[in-house]
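Read off the chains here:
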Amino acid sequence: MTGYIYLGIAIVGELIGTNLLKVSAGFSHLLPTIGTLFAYGLCFFFLSLSIKTVPLNLAYASWAGLGLILTTLISIYLWHEPLNMIGVVGLILIVLGVILLDGFGTA
């Protein structure tokens, strides 16, 4: 159970780091740049802790998939970026992939 908590922290760290990356404007703003590096460092630290108990394929698929989906939602609502139907289909396929790995990928 602890591995999944670490995985959740890693996902949150990735979300924070990715959004600070946008705010850093190509690492041209000091504080968002430092925040980006710190958030990604935290993210990878907790991802490394999670894979001690969570299978690597499930942990990575969940981290990448949920991170991508949540980042997309944040980019729509916070940064007002568009999403088209192809993007929606892609997100659905990612969700299905994570579900398949969770249910069958580690058996």
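Please read all numbers here as calculations on a predicted model, not as lab measurements. (Residues numbered from 1 in each chain as written. Predicted model: local features only at pLDDT ≥ 70, side-chain atom pairs only at ≥ 80, totals over all residues. Heavy atoms only, no water.)

Moving on to the nonpolar core. Counting residues in hydrophobic clusters, the biggest one holds twelve residues: Leu7, Ala10, Ile11, Leu15, Cys43, Phe46, Leu47, Leu49, Val54, Leu58, Ala59 and Trp63. Counting residues per element, the ones that place at least two in this core are helix H1 (2–23), helix H2 (30–50) and helix H3 (56–77). Excluding residues that lie within four positions of it along the chain, Leu15 makes contacts with Gly67, Leu70, Thr71 and Ile74. (Core = buried A, V, L, I, M, F, W, Y, C linked by side-chain atoms within 4.5 Å. Buried < 20%, exposed > 50% of the residue type's maximum accessible area, 1.4 Å probe, protein only. Helix = DSSP H or I, 4+ residues; strand = E, 2+ residues; numbered from the N terminus. Contact = heavy atoms within 4.5 Å.)

We now examine the confidence of the model for the chain. Low-pLDDT stretches of the model should not have their predicted coordinates read in fine detail. Averaged over every residue, the pLDDT of the chain is 92; residues scoring 70 or more account for 97%. When pLDDT is averaged over each helix and strand of the chain, the minimum, 85, is found for helix H4 (residues 85–105) and the maximum, 98, for H2. (pLDDT = per-residue confidence, 0-100.)

To continue, consider a nonpolar patch on the surface. On the surface, a cluster of nonpolar side chains totalling about 790 Å² of accessible area is made up of Leu83, Met85, Val88, Val89, Ile92, Leu93, Val95, Leu96 and Ile99. Counting through the fold element by element, Val95 comes out in helix H4. The class for Val95 is partly exposed, based on a relative accessible area of 35%. (Patch = residues over 30% accessible without salt bridge, like charges linked within 9 Å, V, L, I, M, F, W, Y side chains within 5 Å. Areas by Shrake-Rupley, 256 points an atom, 1.4 Å probe, with all protein chains shown as cover. Salt bridge = Lys/Arg side-chain N within 4 Å of Asp/Glu carboxyl O.)

Running from amino to carboxyl end, H1 crosses H3 at an angle of 40 degrees, the nearest separation of the two axes being 9 Å. As the angle between them shows, H1 and H3 are arranged oblique. Considering only the axes of H1 and H3, their crossing is right-handed. Packed against H1, whose contacting residues are Tyr4, Leu7, Ala10, Ile11, Glu14, Leu15, Thr18 and Asn19, the element H3 presents Leu58, Ala59, Ser62, Trp63, Leu66, Gly67, Leu70, Thr71 and Ile74 at the interface. (Axes fitted to C-alpha atoms, helices over the stretch in contact; angles between N-to-C directions. Parallel < 35°, antiparallel > 145°, perpendicular 65-115°, else oblique. Left-handed = near helix turned anticlockwise from the far one by under 90°.)

A few words now on the packing of H1 against H2. Running from N to C, H1 and H2 cross one another at 160 degrees; their axes reach a closest spacing of 7 Å. The angle between the axes of H1 and H2 places the two elements in the roughly antiparallel class. As for the relative orientation of H1 and H2, their crossing is left-handed in sense. Partitioned by chemical class, the residues of the contact of H1 with H2 number 15 nonpolar, seven polar and one charged. (Nonpolar A, V, L, I, M, F, W, Y, C, P; charged D, E, K, R; others polar.)

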